[in-house]
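# Coordinate inspection notes
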Amino acid sequence: MSTGGQKLERQIDALTAAGCRKIFADKKSGKTDLRPELKACHAFLDVGDTLAVPSLDRYGRSLQDLINMVAALGAPSTRSGAAAEGSSPT
């Protein structure tokens, strides 16, 4: 569940400002593997796409979880990055 600086609206604003063409948002806690929007996001990615997240802790819940998900993307031509307010994922 998002709290304080993790409010969904702020995350969406940061991703929109970064130029994201599609935004996926799970509204339940990501402590479990049941994250249907994350799975839809991964399925949406094409070779050469950039995956932007508001912060890495919103993508993976632990370092190992983050490593596993980035590795599962598989293609070296798919980039990932964190998009903070006022920054660009590229």
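## Considerations on the side chain of Asp 49
Checked against the element boundaries, Asp 49 lands in the loop between α2 (36-44) and β1 (50-53). The class of Asp 49 is buried, set by a relative accessible area of 15%. A distance of 3.1 Å separates the side chain of Asp 49 from the side chain of Arg 21, its partner in a polar contact. At a separation of 2.7 Å, a polar atom in the side chain of Asp 49 contacts the main-chain amide nitrogen of Asp 46.

## Comments concerning the environment of Phe 24
Position of Phe 24 relative to the elements: it lies in the loop between α1 (8-17) and α2. Linking Phe 24 and Cys 41, residues 17 residues apart in sequence, is a C-alpha distance of 6.2 Å. Not counting residues up to four positions away in its chain, the partners in contact with Phe 24 are Glu 37, Ala 40, Cys 41 and Phe 44.

Cut-offs and rules
- Residues numbered from 1 in each chain as written.
- Predicted model: local features only at pLDDT ≥ 70, side-chain atom pairs only at ≥ 80, totals over all residues.
- Heavy atoms only, no water.
- Helix = DSSP H or I, 4+ residues; strand = E, 2+ residues; numbered from the N terminus.
- Buried < 20%, exposed > 50% of the residue type's maximum accessible area, 1.4 Å probe, protein only.
- Polar contact = N/O pair within 3.5 Å; in protein donor to acceptor, adjacent residues only side chain to side chain.
- Contact = heavy atoms within 4.5 Å.

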